[in-house]
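# Examination of the molecular architecture
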Amino acid sequence: MITEYQQKLRERYLAAPVLPAPEPWQPVLDRRTPIGGLLGIGFAVHPDNGHDLVMVVSSDGHGLFDAVTGEKIARDKDPDPDTSTPDAHPDLACPGLGPIAGAPVRIAGLFGGELHSTTPDDWTLDVVSPEWPHDRVILSADGGSHKGPAGGTWWHIFHSEYSELRAAGFSPSGLTLAVATSSDLTLWTRPELQFDD
């Protein structure tokens, strides 16, 4: 049995439509990048331009994306079998590729691990499942309390009704938001942190 409060919360999430992420968040490219057999993702920083990078680990190898432009900047279709999945490393890491070659990247997804659920300027990301196994990703500017109607201080930005959610969260910089499912990667970006005066 669920409590009356839990039932009302469930109904609030079920009634919330999928909405675009609010300003200053902007979708990267057409939002969803198809990646079959996606196992997990992790973040790194480009050593030359400082952009957030997203490393994707899938059953078809490893890929590295610029989180600002969405461009695929490196690909390894045949990674070393000993390090091709993060479960081979105690820190759930895989070796980086392209401009971050040799640097370990912690991967969150099918094998465990987590991405950041908050940013330094107080955005919060939650995954809720009022219709399990279909997860919903909720972005909020109210510290995760999700009060009031959707679109005020919280937004239902992603509904994984067609494939399994692998990971959702922010980059360490707080400038990139990523949602990874077993079939695709969705990214949002913003130019800078915004603190209230």
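Please refer to the structure placed before this passage.
What comes next concerns the included structure. (Residues numbered from 1 in each chain as written. Predicted model: local features only at pLDDT ≥ 70, side-chain atom pairs only at ≥ 80, totals over all residues. Heavy atoms only, no water.)

Of the regular secondary structure elements, the protein holds 1 helix and 14 strands. The dimensions of the protein, computed from C-alpha atoms along their principal axes, are 50 × 45 × 30 Å. Within the span of the protein, comprising 197 residues, buried residues form 45% of the whole. A sequence separation of at least 24 residues applies to 51% of the contacts in the protein between residues at least 6 apart. Accessible surface, the protein as shown: approximately 10,000 Å² in total, 51% of it carbon and sulfur. On the protein, the mean spot of the 13 positive side-chain charges and the mean spot of the 28 negative ones are 7 Å from each other. (Helix = DSSP H or I, 4+ residues; strand = E, 2+ residues; numbered from the N terminus. Buried < 20%, exposed > 50% of the residue type's maximum accessible area, 1.4 Å probe, protein only. Contact = heavy atoms within 4.5 Å. Areas by Shrake-Rupley, 256 points an atom, 1.4 Å probe, with all protein chains shown as cover. Lys, Arg positive; Asp, Glu negative; His and termini not counted. Charge placed at Lys NZ, Arg CZ, Asp CG, Glu CD.)

This part is about the sheet that holds strand β3 (residues 52-58). What the 5 strands build is an open sheet, ordered β5-β4-β3-β2-β8; its pairing is antiparallel. Single-partner strands in this sheet number two, and they are β5 (72-76) and β8 (108-109). (Pairing = 2+ DSSP bridges.)

Counting across every chain of the model gives 5 salt bridges. When the shortest N-O distance is used, the salt bridge between Lys8 and Glu4 registers 3.3 Å. Within this pair, Lys8 and its partner Glu4 are both found in helix α1 (residues 4-15), separated by 4 residues, close to a single helical turn. The salt bridge partner of Glu131 is Arg136, with a shortest N-O separation of 2.8 Å. For Glu131, a relative accessible area of 35% gives the class partly exposed. By relative accessible area, which is 4% here, Arg136 ends up buried. (Salt bridge = Lys/Arg side-chain N within 4 Å of Asp/Glu carboxyl O.)

Attention now moves to the packing of aromatic side chains. Tallied over the full model, the rule gives 5 aromatic pairs. Residues Trp25 and Phe170 carry aromatic rings whose centres are separated by 5.8 Å and whose planes lie at 35 degrees to one another, so their mutual orientation is tilted. In this pair, Trp25 is assigned in the loop between α1 and β1 (26-34) and Phe170 in strand β12 (residues 165-170), connecting sequence segments 145 residues apart. A residue is classified by how much of its surface remains accessible, and Trp25, at 1% relative accessible area, is buried. Aromatic rings pair up to connect Trp25, Trp123, Trp155 and Phe170 into one cluster. (Phe/Tyr/Trp six-rings, centres within 6.5 Å; stacked < 30°, edge-to-face > 60°.)

What follows deals with the nonpolar core. Within the largest apolar cluster, 16 residues are counted, with the highest numbers of intra-cluster contacts made by Ile41, Val54, Val56 and Leu185. Elements that contribute at least two residues to this core include exactly β2 (38-45), β3, β13 (176-181) and β14 (184-189). When sequence neighbours within four positions are dropped, the list of residues in contact with Ile41 reads Val54, Met55, Val56, Arg106, Ile107, Ala108, Leu115, Ala167, Ala178, Ala180 and Leu185. (Core = buried A, V, L, I, M, F, W, Y, C linked by side-chain atoms within 4.5 Å.)

A word on the environment of Ala167. Position of Ala167 among the secondary structure elements: in strand β12. Relative accessible area serves as the criterion here: at 8%, Ala167 is assigned to the buried category. As for Ala167 and Ala180, which are separated by 13 residues in sequence, their C-alpha atoms are 5.2 Å apart. For Ala167, the residues in contact, after removing those within four places along its chain, are Ile41, Ala108, Gly109, Leu115, Ala178, Val179 and Ala180.

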